[in-house]
Amino acid sequence: MLKFMHLIALVCLGAFVSTASAQETATQRDILPTHAPLPTEPAAVGPTAPAPAETHVKSEDELKEELIAGATHLTDKAKHALRTAAKDMSFKFLKGYMSEPGHHAYDGHSALEHAKMKARFLPPSNGMPCPDCGKTVWNRHKDEIPAWTCHYTGDKEQYSRFPIPLSIYTSEETGMGLWEKLCHRVEIDGFNLAATIIFLCAILHTFLAPKFQALAHKLEHDHKQKLKQEKFRILHPEQRVPVSFASTLCHFLGEVEVVFGLWIIPFALVCQSYYSMEDFLLYIDHDTSFTEPLFVAVVMVIASSRPIYRLAENTLKFGASLGKGTPVAWWLSVLSIAPLLGSFITEPAAMTLAAILLGKKFYQLKPSEALKYATIALLFVNVSVGGTLTHFAAPPIVMVAGKWDWGMGHMFLQFGWKAVVGIILANIIYFFIFRKEFNRLAEVQRANSAYDSTVPTTWEDRQDIIPVWVYAVSIFFLAWTVYFAHHPACFIGGFMFFLGFTMATPQYQNAFSIKVPMLVAFFLAGLLIMGGVQGWWMQPVLQALSELGATATMGVASILTAFNDNASVTFLASTVPNLQEEIKYAIVAGAVTGGGLTVIANAPNPAGQAILGKYFKSGISALKLFLWAALPTTIMFLFFILIR
């Protein structure tokens, strides 16, 4: 029995020693590197046991290559571009980038192909090479990813898929002529042609506006005759006289200020058809700046206030006093001096002041229809070129001054003094054409003065003294608005304080309406929305002009300006690379020269038309305005092209 117990003890001791040895061997294996050989062990008795498999940890590059190679939907070209970009990516970032739904920049399609497919795609991220041009991309967006980054637009991020950035087209347009480029761009995106057709319809509508006004007056007259025949009577003090819906509709269609806003409706439908309503809203909210329309509306209200108007009147009165305050003296003074003020207080403010003074000092005398059109045509042309004395006041100059390094000295020597001489010469020529008419108006003025001496002056025309501090505060608000013209939060905030100031000083103010400024802003906003998608044809046209010489360039730039805002023409010119100095000069000179041919040619023109339109029986005819503006435009054209 004792021997049996000793045997059991020996067996247990042997088992314990065997277990400890096995644990020590396993511990040694765990602390050795995976590539280190294990210590040699005695050969086991019996068949040879298989060696344990070695575990291989894949590197970051191997994981990325495996991910790219496994993307069977990518072409070899796309995989090659993605491998190049992936060198600067982590595996985690690459995996997330490739898993994005839809398209990404390295999916094998070029930017032009993405645009043609109208597909949203994830653009190259910061520090990655562009698959199209190979340049490193640096984007500025933070949160929401735009449809086209600044790498493609060259200026700022574009959140709507339309319009396709102009640089995208150039990859396939090498060696193409102008017509081939235009056809190619329409083939890529039919939206281009559709949007331009809508834009041309709006322009045609502006020419037909007087026809709608005449039809509205006829329908209104017929409606009143019908009421008389029916012996209509008002039976209650609150009862309204019924109006003709057709007449009201025609009157609405005849308002030039609502034309472009009205055509935004079919434009939105075109956007919905070719892209989506989301893209249209992104275009409105992010890609279109309404700073200029807001500025024009605010500066019109401030410039038309009584202190600013009286200050301008007293300033121009000095020039009129040289001609003894006759109608022609006021006419020459306003048309010669006020446009030049546009180089300092901005063109919209100068246009507002000039139009108000012309209305009170000249148009109230009821000149002939020809002289009315000649005057407003001169006003539009003179204001357009009168803003060239400086580099910070006229929108078409502001668009290029910074990019082309044009300062005040350059502007005055190259443009300013020629504008002054051209304005004076054009005014003198029209003076001699209408000198007999001016003599008749002088007689009308004397008769009105004799009559007015027996009639009390209206409250708006009172001549009481305005305190100096009221002048100073009003000038401050105008200066504030001009200084912060590109910062709407600042000048709109100042405008709120200005309204409070007018309420606190009613004895020195006149009642003013914001209806006209708001209509003008509405007009400009519509023009900006539809004009912002016209670059697809305007840029290649301007680029082709550089090959025809300065004279042809200036002529076509003037014509283009008549059908689009001149600031748009100069902005698109600034995007054309490697323009010669004489071509730059010709484009800007043509843009400001043609700024008086139509109401839409220069941003301040709608303000002048809104103020003076009431003096024209059937509204201002676009065709008559164009014809009467042709002579002063030609004079300015010759000055700018012959004296360089």
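See above for the structure.
Rules of the game
- Residues numbered from 1 in each chain as written.
- Predicted model: local features only at pLDDT ≥ 70, side-chain atom pairs only at ≥ 80, totals over all residues.
- Heavy atoms only, no water.
- Phe/Tyr/Trp six-rings, centres within 6.5 Å; stacked < 30°, edge-to-face > 60°.
- Helix = DSSP H or I, 4+ residues; strand = E, 2+ residues; numbered from the N terminus.
- Buried < 20%, exposed > 50% of the residue type's maximum accessible area, 1.4 Å probe, protein only.
- Lys NZ or Arg CZ within 6 Å of the ring centre and 35° of its normal.
- Salt bridge = Lys/Arg side-chain N within 4 Å of Asp/Glu carboxyl O.

Visitor: Could you give an account of the packing of aromatic side chains, with specific residues and numbers?
Guide: Across all of its chains, the model carries 36 aromatic pairs by this definition. Seen from their ring centres, Phe-191 and Tyr-275 are 5.6 Å apart, and the 85 degrees between their planes marks the pair as edge-to-face. Of this pair, Phe-191 sits in helix α9 (residues 191–229) while Tyr-275 is found in the loop between α12 (264–274) and α13 (277–287), placing the two residues 84 residues apart along the sequence. Here the two residues Phe-191 and Tyr-275 agree in accessibility, since each one is buried. Look at Phe-260 and Phe-523: their rings are 5.3 Å apart centre to centre, the planes differ by 90 degrees, and that puts the pair in the edge-to-face class. Placement of the pair is Phe-260 in helix α11 (residues 259–262) and Phe-523 in helix α24 (residues 515–531), with a sequence separation of 263 residues. A single burial state applies to Phe-260 and to Phe-523, both of which are buried. Ring pairing ties together the aromatic residues Trp-469, Phe-476, Phe-477, Trp-480, Tyr-483, Phe-484, Phe-495, Phe-498, Phe-501 and Phe-512, which thus form one cluster. A cation over an aromatic ring shows up here: Lys-360 above the ring of Tyr-309, its NZ or CZ 4.7 Å from the ring centre.

Visitor: Report on the pattern of salt bridges, specifying residues and quantitative values.
Guide: All chains considered together, the criterion is met by 14 salt bridges. Linking Asp-189 and Lys-118 is a salt bridge whose minimum nitrogen-to-oxygen distance equals 3.1 Å. One end of the pair, Asp-189, is in the loop between α8 (178–188) and α9; the other, Lys-118, is in the loop between α5 (111–117) and β2 (121–122), and 71 residues separate them in sequence. In this structure Asp-189 comes out as buried when scored by relative accessible area, which is 0%. Classification of Lys-118 as partly exposed rests on a relative accessible area of 21%. Across the pair Glu-313 and Lys-361 runs a salt bridge whose closest N-O atoms are separated by 2.9 Å. With Glu-313 in helix α15 (residues 306–321) and Lys-361 in helix α17 (residues 347–361), this residue pair connects regions lying 48 residues apart in the sequence. Overall, Lys-361 belongs to the partly exposed group, its relative accessible area being 24%.

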